[in-house]
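# Survey of secondary and tertiary structure
Residues per chain are reported as follows:
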Amino acid sequence: DQLRSDASDALRELRRAGLGTVLLSGDSPARVAAVAARLDFADWHADQQPAAKIEVLERLQTAHGPALMVGDGVNDAPVLGRAAVSVAMGQGADLAKAHADLVLLGSRLRALPQALHLAQRSMAVIRQNIRWSYAYNALAIPAAALGLVPPWLAAIGMSASSIVVVWNSMRLLRVRRPAAVAGVLVNSTAAAPLSERA
């Protein structure tokens, strides 16, 4: 197949974010080596049947922790189902999309690093909200229980705390969002715990 026009840029962004990349392909070693050279893959594997891809994935996850798998073919479906996080291309095989956690609705790989960046920002906001909630409740609940704060003020304080959390979360909507990020579909049927998908 032809390489996607943005494959090199997408991989460069992922590597810049500190992610290691590995190429798994069912094609012949000569063809995979040529693609690996064009895309700067130091680690690549050719002649990979689904079982071999799963073996490589499990070895990587044991050595380095959770892995993200990207695929679009029928033979990628089993390994997509075993990865900690899996992404299928919107123009890929239906079976691959059914086993993936996320589906990139377009054909652009650049949507992947953009989606990861948005996910990281979302997690940062979630952690901020949890810290705020813990801090507020650690102070407000004992004060209300000891009668240091009148009930009407405690009720206003709880509402204000909720507004702070919502306002903080809405900052994500102000992030300049490329159109490609809007083309991400979460597959709720595949987003089961790893123990259920193994």
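Owing to the predicted nature of the structure, the values given are computational and were not obtained by experimental measurement.

Quick notes on the rules
Residue numbering note: each chain is counted from 1, following its sequence as written. With pLDDT at 70 or above as the cut-off, local features in this predicted model cover only qualifying residues; side-chain atom pairs require 80 or more to be listed or tallied, and sums for whole chains, interfaces and linings still use all residues. Side-chain measures here rest on the full set of heavy atoms in the structure, leaving out hydrogens and waters. Under the scheme used here, helices are H or I runs from DSSP no shorter than 4 residues and strands are E runs no shorter than 2 residues, and both carry numbers assigned from the N terminus. Residue contacts are defined here by distance: any two heavy atoms, one from each residue, within 4.5 Å place the two residues in contact. Throughout, the Shrake-Rupley method with a 1.4 Å probe supplies accessible areas, and for residues the shown protein chains are the sole cover considered. Under this scheme, a helix contributes an axis fitted over its contacting stretch, all axes are lines through C-alpha atoms, and angles between N-to-C directions fall in the 0 to 180 degree range. An angle counts as roughly parallel when it lies under 35 degrees, as roughly antiparallel when it exceeds 145, as roughly perpendicular when it falls between 65 and 115, and as oblique in every other case. Residue polarity follows a fixed list, in which Ala, Val, Leu, Ile, Met, Phe, Trp, Tyr, Cys and Pro are nonpolar, Asp, Glu, Lys and Arg are charged, and the others, Gly among them, are polar. Each nonpolar core is a collection of buried residues, namely Ala, Val, Leu, Ile, Met, Phe, Trp, Tyr and Cys, held together in the definition by side-chain atoms within 4.5 Å. Relative accessibility under 20% of the residue-type maximum defines a buried residue, over 50% an exposed one, and the middle range a partly exposed one, all with a 1.4 Å probe and only protein chains included. For salt bridges, the criterion is a side-chain nitrogen of Lys or Arg within 4 Å of an Asp or Glu carboxyl oxygen. pLDDT: the predictor's confidence for each residue, scored from 0 to 100. Pairing between strands is defined by DSSP: at least two bridges between the two strands are required. By definition, the crossover connecting two strands over a helix is right-handed if that path, from the first strand to the second, turns clockwise as seen with the strands pointing away from the viewer. Multiply 1.5 Å by the residue count of a helix minus one, and that product is the helix's expected span.

A tally of regular secondary structure across the chain gives nine helices and six strands. Put simply, 48% of the contacts in the chain that link residues at least 6 apart link residues at least 24 apart. Carbon and sulfur atoms provide 61% of the accessible area of the chain, an area that totals close to 12200 Å².

With that settled, the discussion passes to the packing of helix 1 (residues 7–16) against helix 6 (residues 111–145). For any two helices packed against each other, the geometry is given by the interaxial angle and the distance between the axes. The N-to-C vectors of helix 1 and helix 6 enclose an angle of 30 degrees; their axes lie 8 Å apart at closest approach. Comparing their axes, helix 6 and helix 1 come out roughly parallel. Contacts between helix 1 and helix 6 pair Ala10, Glu13 and Leu14 from the former with Leu112, Pro113 and Leu116 from the latter. Counted by class, the contact of helix 1 with helix 6 contains five nonpolar, no polar and one charged residues.

Take the nonpolar core next. In this structure, Leu23, Leu39, Phe41, Leu104, Leu109 and Leu112 are the most contacted members of the largest nonpolar core, which totals 16 residues. Within the residue set of this core, elements represented by two or more residues are helix 1, helix 2 (29–38), strand 4 (85–89) and helix 6. A total of four residues in this core trace back to one element, the largest contributor, which is helix 1. Dropping the residues within four chain positions of it, leucine 109 is found in contact with Arg4, Asp6, Ala7, Ala10 and Met89. Grouped together as the second largest cluster of nonpolar side chains are 11 residues, Ala67, Val79, Leu80 and Ala93 included.

This paragraph deals with the pattern of salt bridges. Enumeration according to the criterion identifies eight salt bridges in this entry. For the salt bridge of arginine 4 with aspartate 72, the shortest nitrogen-to-oxygen distance reads 3.3 Å. In this pair, arginine 4 sits in the segment before helix 1 while aspartate 72 sits in the loop between strand 3 (68–71) and helix 4 (77–82), placing the two residues 68 residues apart along the sequence. One salt bridge in this structure joins lysine 53 and aspartate 76, with 2.6 Å as the shortest N-O distance. Placement of lysine 53 in helix 3 (residues 50–64) and of aspartate 76 in the loop between strand 3 and helix 4 is noted, with a sequence separation of 23 residues between them. Overall, the relative accessible area of 7% leaves aspartate 76 in the buried class. Where salt bridges share partners, they join Asp9, Arg12, Glu13 and Arg110 into one cluster.

Confidence in the prediction of the chain, expressed as mean pLDDT, is 86, and 88% of residues score 70 or more. Least confident of the elements in the chain is helix 9 (residues 194–197), whose mean pLDDT is 40; most confident is strand 2 (residues 44–45), at 96. Counting interchain partners and residues more than four positions distant, the pLDDT-below-50 stretch residues 178–182 has eight contacts. In this model, residues 191–198 is a region of pLDDT below 50 whose contacts with residues beyond four sequence positions or in other chains number 14 contacts.

Of the two faces of strand 3, the one lined by Met69 and Gly71 is fully buried and the one lined by Leu68 and Val70 carries no buried residue. Where strand 3 lies against strand 4, four bridges are found, and the strand directions are parallel. Along strand 4, the bridge assignment pairs glycine 71 with alanine 88. For the handedness criterion, the β-α-β arrangement of strand 3, helix 4 and strand 4 is classed as right-handed.

This part takes up helix 6. Here helix 6 is 35 residues long and its end C-alpha atoms lie 50 Å apart, about the 51 Å a rise of 1.5 Å per residue gives. For helix 6, the set of buried residues is Ala111, Leu112, Pro113, Gln114, Ala115, Val125, Asn129, Tyr136, Ala140 and Ala143. Of the residues flanking the end of helix 6, it is glycine 147, one or two places downstream, whose phi is positive at about 80 degrees.

As a packed pair, helix 6 and helix 7 (residues 151–170) sit with axes 10 Å apart at the nearest point and diverge in direction by 175 degrees. One finds that helix 6 runs roughly antiparallel with respect to helix 7. Here Val125, Gln128, Asn129, Trp132, Ser133, Tyr136, Asn137 and Ala144 of helix 6 come into contact with helix 7, specifically with Ala154, Gly157, Met158, Ser161, Val164, Val165, Asn168 and Ser169. A class-by-class count of the residues in the contact of helix 6 with helix 7 yields eight nonpolar, eight polar and no charged.

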